[in-house]
Amino acid sequence: QVQLVESGGGLVQAGGSLRLHCAASGRTSGTYAMGWFRQAPGKEREFVAVITRRSGNTYYADSVKGRFTISRDSAGNTVYLQMNSLKPEDTAVYSCAADTEWLRVMRNKDVAYWGKGTLVTVSS
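A brief structural summary. (Residues numbered from 1 in each chain as written. Predicted model: local features only at pLDDT ≥ 70, side-chain atom pairs only at ≥ 80, totals over all residues. Heavy atoms only, no water.)

Further remarks concern the packing of aromatic side chains. Tallying each qualifying case throughout the model produces four aromatic pairs. Aromatic side chains Tyr 32 and Tyr 113 sit 5.7 Å apart centroid to centroid with 80 degrees between the ring planes, which places their arrangement in the edge-to-face category. With a gap of 81 residues between them, Tyr 32 in the loop between β3 (18–26) and β4 (33–39) and Tyr 113 in strand β10 (residues 113–114) connect regions that are remote in the sequence. Judged on exposure class, the residue Tyr 32 and its partner Tyr 113 are both buried. Ring geometry for Tyr 59 and Trp 102: centres 4.5 Å apart, planes at 5 degrees, overall stacked. Here the residue Tyr 59 occupies a position in strand β6 (residues 58–60), and Trp 102 occupies one in helix α1 (residues 102–106), the gap between them amounting to 43 residues. Tyr 59 gets classed as partly exposed once you look at its relative accessible area, which sits at 27%. Owing to a relative accessible area of 26%, Trp 102 belongs among the partly exposed residues under this scheme. Three or more aromatic residues joined by ring pairs form one cluster here, namely Phe 37, Phe 47 and Trp 114. Sitting over the face of the ring of Tyr 80, Arg 19 holds its NZ or CZ atom 4.1 Å from the ring centroid. The lysine or arginine in question, Arg 45, covers the ring of Trp 114, its NZ or CZ lying 3.7 Å from the ring centre. (Phe/Tyr/Trp six-rings, centres within 6.5 Å; stacked < 30°, edge-to-face > 60°. Helix = DSSP H or I, 4+ residues; strand = E, 2+ residues; numbered from the N terminus. Buried < 20%, exposed > 50% of the residue type's maximum accessible area, 1.4 Å probe, protein only. Lys NZ or Arg CZ within 6 Å of the ring centre and 35° of its normal.)

Right, dumping it as structure tokens:
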């Protein structure tokens, strides 16, 4: 089992920045691909970004490319999401996810582990 705990959410004005953290613990947590999703009120959960477990390659949703950056520490147990140039439409609950296969994370298909999420609110 892997446990994921997010932090770093909050209220920010449009154009501002936030950095989200996801701490992973449990069985060989450093060997998982990890990613971020978000769910806005009344909308389905959508993929935001993923970082692969070995090479550290990163992939992003088109809506956040150039503004958000996903990274992880050297042990692979903490993943970050640096969010810049935030827009009101970025307002959502952001959740961390982990799986042995990065494609499952990117496609939101049978992802193994989820965190409970952290709320990001961007005011206009």
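This brings us to the pattern of salt bridges. When the charged atoms of two side chains lie near each other, side chains of opposite charge can form a pair. Throughout the structure, instances matching the rule amount to five salt bridges. Note that Asp 90 is salt-bridged to Arg 38, the shortest N-O span being 2.9 Å. Of the two residues, Asp 90 is situated in the loop between β8 (78–83) and β9 (92–99) and Arg 38 in strand β4; the sequence distance between them amounts to 52 residues. Note on Asp 90: relative accessible area 1%, which makes it buried. Residue Asp 90 pairs with Arg 67 through a salt bridge whose shortest N-O separation is 2.7 Å. Linking Asp 90 in the loop between β8 and β9 with Arg 67 in the loop between β6 and β7 (68–72), this pair joins segments that are 23 residues apart in sequence. Arg 67 shares its class with Asp 90; the two are buried. Residues participating in the shared-partner salt-bridge network are Arg 38, Glu 46, Arg 67 and Asp 90. (Salt bridge = Lys/Arg side-chain N within 4 Å of Asp/Glu carboxyl O.)

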